[in-house]
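# Coordinate inspection notes
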Amino acid sequence: MSGYRFTQYIPPENNQNNTFQDLLKIFLELINITSGNVSETLSWMNDLDKQYNLTNDGYGMGDFYDDLKKNGYIKEDPLTNGDVTITPKSEQSIRQQALDEIFGKLKKGGAGDHKTPYSGNKGDEFTPDKRAFEFGDALSQISMTDSIRNAQVNHGIDNFTINEDDLEVVEKEFRTQTSTVLMIDISHSMILYGEDRITPAKKVAMALAEMIKRKYKKDTLDIIVFGNDAWQINIKDLPYLQVGPFHTNTVAGLELAMDLLRRKKTTNKQIFMITDGKPSCIKEGAKYYKNSFGLDRKIVNKTLNLASQARRLKIPITTFMIASDPYLQQFVQEFTQANNGNAYYSGLKGLGDMIFSDYNRNKKKR
């Protein structure tokens, strides 16, 4: 007689390696919040250890620090009195952790490019759609099963022949490359009112960069930050990104984004903009024109003009507004209409999911 035998479950011991991995996840999360400050991160971890007993008598925070160095996550710089910094390995691990947190585990894919609504015999990937054979179709496109079935139906089994009219081919769809510029607002409002908005924005940027690197290898991603001015940063610099005492010069960000995209040879181009406030600054010569007390017509009109210019260049702009003020939503609506783009009014929690979905949707035609 077969059956089940139950015994007492004894959980495995939390060995040193597991303890290190658990602490590493916390370290990578906090290092993003502290903008790459290792000393501050480890100080926070010591406080958390006192409160939540993250370590034990067999493995302490000192052991964790040594293992971080041994495994190449941090390094001490002898030229700066032993200042401790994270390494490229940590930067990549932060991007991977952000990808796992926001987008989940990516399924193993093929070529990893974006679908378009166009198909034909010169496409890049087979689709479920079938049609009658036409002159010029490749032999590799012929669906043998469907073609033989058609021949049997049309001519019978006893006198089996197959003609051109019996042939069916499988449609192939084109794949396309996309060039994306991600704009991140680093004005002071991104940390106002006790809400940290810059850390989720950084996470989304890192997750998007890692996703493109893994799944859409032919795509390009440029990252711009904008405050009083706008400038481009490297993906590896994202963990160190901080807000400043800046206003919001959306115009400078859009001008730089469009300039970067003009240099790309790809047909499909798009801009993603993450912001929580109104445009409140433009540059006139060497001076800044600022107005933080409402929607300034001078600033707004220049911003809307750039949105229209991007539309003429066939560059859609998707705005992710991390704010719910009615007058800001009205501005975003006008901005989106001028560009014929998309807009989302989002909390921080769903930001990554929306950017992921919008990126994959790839509505832009070839």
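Relevant structure appears above.
Here is a short report on the structure shown in this document. Because the structure is a prediction, the values reported are computed rather than measured. (Residues numbered from 1 in each chain as written. Predicted model: local features only at pLDDT ≥ 70, side-chain atom pairs only at ≥ 80, totals over all residues. Heavy atoms only, no water.)

The next subject is the packing of aromatic side chains. Taken as a whole, this structure holds 7 aromatic pairs when the rule is applied. Geometrically, the ring pair formed by F331 and F335 is tilted, given 6.1 Å between the ring centres and 40° between the ring planes. In this pair, F331 and F335 both sit in helix 9 (residues 326-339), 4 residues apart, roughly one turn of the helix. F335 carries the same exposure label as F331, and that label is buried. One aromatic cluster in this structure is built from F20, F27, F64 and Y73. In this structure, K298 is placed above the aromatic ring of Y289, and the distance from its NZ or CZ to the ring centre is 4.3 Å. (Phe/Tyr/Trp six-rings, centres within 6.5 Å; stacked < 30°, edge-to-face > 60°. Helix = DSSP H or I, 4+ residues; strand = E, 2+ residues; numbered from the N terminus. Buried < 20%, exposed > 50% of the residue type's maximum accessible area, 1.4 Å probe, protein only. Lys NZ or Arg CZ within 6 Å of the ring centre and 35° of its normal.)

Strands sit in the order 8-7-6-9-12-13 across an open sheet of 6 strands; the sheet is mixed. For this open sheet the edge positions go to strand 8 (230-233) and strand 13 (342-345), each flanked by a neighbour on one side alone. Averaged over all adjacent pairs, the angle separating strand axes in this sheet is 20°, with direction ignored. Pairing of strand 6 (residues 178-185) with strand 9 (residues 268-275) involves 7 bridges; the strand directions are parallel. Along strand 9, the bridge assignment pairs I184 with I274. Against the sheet, helix 6 (residues 198-215) engages strand 6, strand 7 (220-226) and strand 9, with an angle of about 165° to strand 6. (Pairing = 2+ DSSP bridges. Axes fitted to C-alpha atoms, helices over the stretch in contact; angles between N-to-C directions. Contact = heavy atoms within 4.5 Å.)

Along the chain, the position of E210 falls in helix 6. Its relative accessible area of 2% is what places E210 among the buried residues. For E210, the residues in contact, after removing those within four places along its chain, are Q92, R95, Q96 and L99.

The axes of two packed helices give the description: the angle between them and the distance between them. With their axes 9 Å apart at the nearest point, helix 7 (residues 250-262) and helix 8 (residues 297-312) run at an angle of 15° to one another. Classified by the interaxial angle, the pair formed by helix 7 and helix 8 is roughly parallel. As for the relative orientation of helix 7 and helix 8, their crossing is left-handed in sense. Here T250, V251, L254, E255, M258 and R262 of helix 7 lie close against helix 8, whose contacting residues are I299, K302, T303, L306, Q309 and A310. When the residues that make up the contact of helix 7 with helix 8 are grouped by side-chain class, the tally is 6 nonpolar, 3 polar and 3 charged. (Parallel < 35°, antiparallel > 145°, perpendicular 65-115°, else oblique. Left-handed = near helix turned anticlockwise from the far one by under 90°. Nonpolar A, V, L, I, M, F, W, Y, C, P; charged D, E, K, R; others polar.)

Interpretation note: all reported values are geometric properties and have no functional meaning in isolation.
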